[in-house]
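Residue strings, one per chain:
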Amino acid sequence: MTKSTARWLMALGCTIVVAAGPGLAGGRQQADPRIDALKREAAAEIVALAGFTQQMVDSIFSFGELGFQEYETQSYLVNILRQHGFTVQEGISGVPTAFMATWGSGKPVIALGSDVDGIPQSSQKPGVAYRAPLVEGAPGHGEGHNSGEAVNVTAAIVIKKIMEREKIPGTIKVWPGVAEELVGTKAYFARDGFFKDVDVCLFTHVGNNLGVSWGSGAGNGLVSVEYRFRGESAHSAGAPWRGRSALDAVELMNIGWNFRREHMRIQQRSHYVIPDGGDQPNVVPPTASVWYYFRETEYPGIKEMWETGNTMAQAAAMMTGTKVESMRVLGSAWPQHMNKVVAEAMYDNIKSVGLPAWSEADQTLARAVQKELGVKEEGLAREIDKLEEPIRDQDKRGGGSDDIGDISWNVPTVTLRFPSNIPNLPGHNWANAIAMATPIAHKGATAGAKVQALTMIDLLLRPEIVKQAWAYFNDVQTKDVKYTPLVRPEDKPAIDLNRDVMERFRPQMKAYYFDPTKYKTYLEQLGIQYPTVRTTADAPRQP
Ligand SMILES: [Zn+2]
């Protein structure tokens, strides 16, 4: 990198990390002046589109939609993609809010994906460092899924323009991870062949640093199953002996599971909620349901937990004189395995892009949120993450899941984490929404878009990377492990989930949709001073 390039990148708000070796591509690859020039151009174009990226981040934040109900988000993104020349197939795999947008022709086919759904009860004013819902009880982006498609769409638009001018063959696909919080769709996209012609999938997910990993990571796969029981109602006081309580079956199943938990591998994670626990105390519950997530590090472990759950449901029905009415699969995710070759190429680009230049206001917000939560007050990330390598199964200690795992067993895939959130937060919480429509999220998304775009240039112009990625996929990743979907042929996406919650809250939430024709940013529209932090040390904290 020349001195003038460095100054130019600095002016664009980049932290300079000089990679060893020639050019922006870093030391691992041979210098190629054309590729380096295109990468510089793409990075500059992405900075020029920072306002556009910010609008997408803010708009999707303001929609705050839960999984399978991302209607506003879908129509917003589909409009943008169509305006930019993409052909969009909506409602793929029978999921009304899903889509696959395609532009270009020929190889390589690069698919850019990211999740779009929110978290229940996490409505929160952005830029405010304490609990302050926009709409009490409403869903919101308490995971930060409002930012990933902004990263992808900006990168796709910039690379498309370069491909057109330079006559570079290839196809770009953009798709949303609908209902990721329910791990509800990606296995179906894979099953229905939407990735069969894809060469590489560059997935992206919000984080608090720029990072990528390869191999089998710390997380789990899972199957999500709802058990419905049917009993017989009766007057709970007048004739309880006539009744058979479906709720009793739910409770006994849970007791059984909670005892069994001690004798499972420590890698497992399992948890449940009771969506139907009866109507009112004086009616013996004729129906009840319990919804489990069974998580393990490997497919056989997930299957074993699932079978144990099924046995316990049957046993609980026998104990209570009720019936198991249904055992419905609501979602699934294979444990993830990320591609080594693509991760290494992406990591070179992460090193050249570097972290955003955080302002004092960004750091003040971050430290105030950390103080509010009683965690280490270290502010925002200052150094990029290391390239994460595989973890041995015996060293894993459970963790979250993402149904990108299913895609990762169909085509070479990596997940780019980009720095749009604050370190040390609990996840799936109102606090995780605070940064997500502020300059922290905006700058993080722009940094992420640069890495996506630069990596796309590598895939388009260095065919050996795609070839080596497939060699890793075929000869290493899938040598001994074969992908068998957890979803069975009869399973269908659970598109009815969250409908009632969104119907209840959407009218109130609509009043807060971002209007970019009137306001530059969502913070401006809401009249929030950035950052808004507690002014007195003794102000009451959230419990
Ligand atoms: Zn997520």
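Residues numbered from 1 in each chain as written. Predicted model: local features only at pLDDT ≥ 70, side-chain atom pairs only at ≥ 80, totals over all residues. Heavy atoms only, no water.

**Q** What am I meant to see in the overall build of the protein here?
**A** The secondary structure content of the protein amounts to 15 helices and 12 strands. A compact globule built from 543 residues should have a C-alpha radius of gyration of about 24 Å, and the protein, at 24 Å, falls within 12% of that. The buried share among the 543 residues of the protein stands at 58%. Summarising the internal contacts of the protein: among those between residues at least 6 apart in sequence, 81% fall at separations of at least 24. Just so you have it, the protein exposes about 22100 Å², and 52% of that area is on carbon and sulfur atoms. On the protein, the mean spot of the 57 positive side-chain charges and the mean spot of the 61 negative ones are 3 Å from each other. (Helix = DSSP H or I, 4+ residues; strand = E, 2+ residues; numbered from the N terminus. Rg over C-alpha atoms; globule rule 2.2 N^0.38 Å. Buried < 20%, exposed > 50% of the residue type's maximum accessible area, 1.4 Å probe, protein only. Contact = heavy atoms within 4.5 Å. Areas by Shrake-Rupley, 256 points an atom, 1.4 Å probe, with all protein chains shown as cover. Lys, Arg positive; Asp, Glu negative; His and termini not counted. Charge placed at Lys NZ, Arg CZ, Asp CG, Glu CD.)

**Q** Quick question: what am I supposed to make of the coordination of the zinc ion here?
**A** Note on metal geometry: ideal angles are 109.5 degrees for four donors arranged tetrahedrally and 90 or 180 degrees for six donors arranged octahedrally. The protein atoms that coordinate the zinc ion are Glu143 (OE), His145 (NE2) and His205 (NE2), at distances of 2.0 to 2.1 Å. Mapped onto the sequence, the residues coordinating the zinc ion show the spacing E-x1-H-x59-H. Remark: His205 occurs in strand β5 (residues 200–207) and Glu143 occurs in the loop between β3 (109–115) and α5 (148–166); sequence separation between them is 62 residues. For the pair Glu143 and His205, one class covers both residues: buried. (Donors = N, O, S within 2.8 Å, 3.2 Å for Na, K, Ca; no water.)

**Q** It is not clear to me how the confidence of the model for the protein should be interpreted in this structure. Could you clarify?
**A** When pLDDT drops low, the exact placement of atoms in the prediction is not to be read closely. The share of residues in the protein with pLDDT of 70 or more is 93%, and the mean pLDDT across the chain is 94. In this model residues 1–27 is a low-confidence stretch, pLDDT under 50, and it forms 43 contacts with partners more than four residues away in sequence or in other chains. (pLDDT = per-residue confidence, 0-100.)

**Q** In this structure, what is going on with the nonpolar core? I would like to understand it.
**A** Buried together is how nonpolar side chains tend to be arranged in soluble globular proteins. By size, the foremost hydrophobic cluster in this structure holds 105 residues, and its most contacted members are Phe86, Ile159, Ile172, Val174, Trp175, Phe195 and Leu202. Here this core gets 11 residues from one element, more than from any other, and that element is helix α12 (residues 439–461). Beyond its immediate chain neighbours, meaning those up to four positions away, Ile172 contacts Phe86, Ala101, Thr102, Trp103, Ile110, Leu112, Ala156, Ile159, Lys160, Met163 and Met456. (Core = buried A, V, L, I, M, F, W, Y, C linked by side-chain atoms within 4.5 Å.)

**Q** Hey, could you run me through the packing of helix α2 (residues 33–48) against α12 in this one?
**A** Two quantities define a packed helix pair, namely the angle between the helix axes and the distance between the axes. Between α2 and α12, the least distance of the axes is 9 Å, while the angle of their chain directions is 150°. Regarding the angle of α2 to α12, the classification is roughly antiparallel. With respect to the hand of their crossing, α2 and α12 are arranged in right-handed fashion. Across the interface between the two elements, Arg34, Ile35, Leu38, Lys39, Ala42, Ala43, Ile46 and Val47 of α2 pack against Thr446, Ala449, Lys450, Ala453, Leu454, Ile457, Asp458 and Leu461 of α12. Here the residues of the contact of α2 with α12 sort into 11 nonpolar, one polar and four charged. (Axes fitted to C-alpha atoms, helices over the stretch in contact; angles between N-to-C directions. Parallel < 35°, antiparallel > 145°, perpendicular 65-115°, else oblique. Left-handed = near helix turned anticlockwise from the far one by under 90°. Nonpolar A, V, L, I, M, F, W, Y, C, P; charged D, E, K, R; others polar.)

**Q** What's the story with the environment of Phe418 in this structure? I'm lost.
**A** Locating Phe418 in the fold gives a position in strand β12 (residues 413–419). Considering only alpha carbons, one finds Phe418 and Pro300, 118 residues apart in sequence, at a separation of 32 Å.

**Q** What should I look at first to understand the packing of aromatic side chains in this one?
**A** The description of an aromatic ring pair uses the distance of the two centres, along with the angle that the planes make with each other. Scanning the model with the defined rule gives 18 aromatic pairs in all. Consider the rings of Trp257 and Tyr292, whose centres lie 5.6 Å apart with planes at 65°: the pair is edge-to-face. Placement of the pair is Trp257 in helix α7 (residues 246–260) and Tyr292 in strand β9 (residues 287–296), with a sequence separation of 35 residues. Given a relative accessible area of 0%, Trp257 falls into the buried group. Taken together, the ring pairs connect Tyr227, Trp257, Tyr272, Tyr292 and Phe294 into an aromatic cluster. (Phe/Tyr/Trp six-rings, centres within 6.5 Å; stacked < 30°, edge-to-face > 60°.)

**Q** How should I be thinking about the pairing of β5 in this particular structure?
**A** If a strand is regular, its side chains alternate between the two faces of the sheet. Among the eight residues in β5, eight count as buried, and that is most of the element. Across the two faces of β5 the burial is the same, with Val200, Leu202, Thr204 and Val206 and Cys201, Phe203, His205 and Gly207 all buried. As paired strands, β3 and β5 are joined by five bridges and run parallel to one another. Paired with Gly113 across the two strands is Phe203, which belongs to β5. Pairing of β5 with β12 involves seven bridges; the strand directions are parallel. If you follow Cys201 over to β12, its bridge partner there is Thr413. (Pairing = 2+ DSSP bridges.)

**Q** Just checking my understanding: could you explain the pairing of strand β7 (residues 221–230) for this structure?
**A** Across the 10 residues of β7, eight count as buried, placing the element largely inside the fold. Pairing between β7 and β9: 10 bridges, direction antiparallel. The residue of β9 that forms the bridge with Gly221 is Glu296. In the sheet, β7 pairs with strand β10 (residues 323–333) via nine bridges, with the strands oriented antiparallel. In the strand pairing of β10, Val223 is matched with Ser332.

**Q** Can you help me understand α5 in this one?
**A** Think of an α-helix as 3.6 residues a turn; residues three or four steps apart then line up on the same face. An ideal rise of 1.5 Å per residue puts 27 Å on 19 residues; α5 measures up with 27 Å between its terminal C-alpha atoms. Burial within α5 is extensive, with 15 of its 19 residues counted as buried. A positive phi of about 50° marks Lys167, the residue just after α5. (Expected span 1.5 Å × (residues − 1).)

**Q** I would appreciate a short explanation of the sheet that holds β3 in the present structure.
**A** Each strand in a sheet pairs with its neighbour through backbone hydrogen bonds, running either in the same direction (parallel) or in the opposite one (antiparallel). Ordered in space as β1-β2-β4-β3-β5-β12, the six strands form an open sheet in which the pairing is mixed. Looking along the sheet, the strands with just one partner apiece sit at the ends: β1 (87–90) and β12. Sheet twist, expressed as the average angle between the axes of neighbouring strands with direction ignored, equals 20°. In this sheet, strand β2 (residues 99–105) lies alongside β1 in antiparallel orientation, the contact comprising four bridges. From the neighbouring strand, Gln89 faces β2, where its bridge partner is Met100. Across the sheet, α12 lies against β3, β4 (170–177), β5 and β12, angled at about 150° from β12, the strand it touches most.

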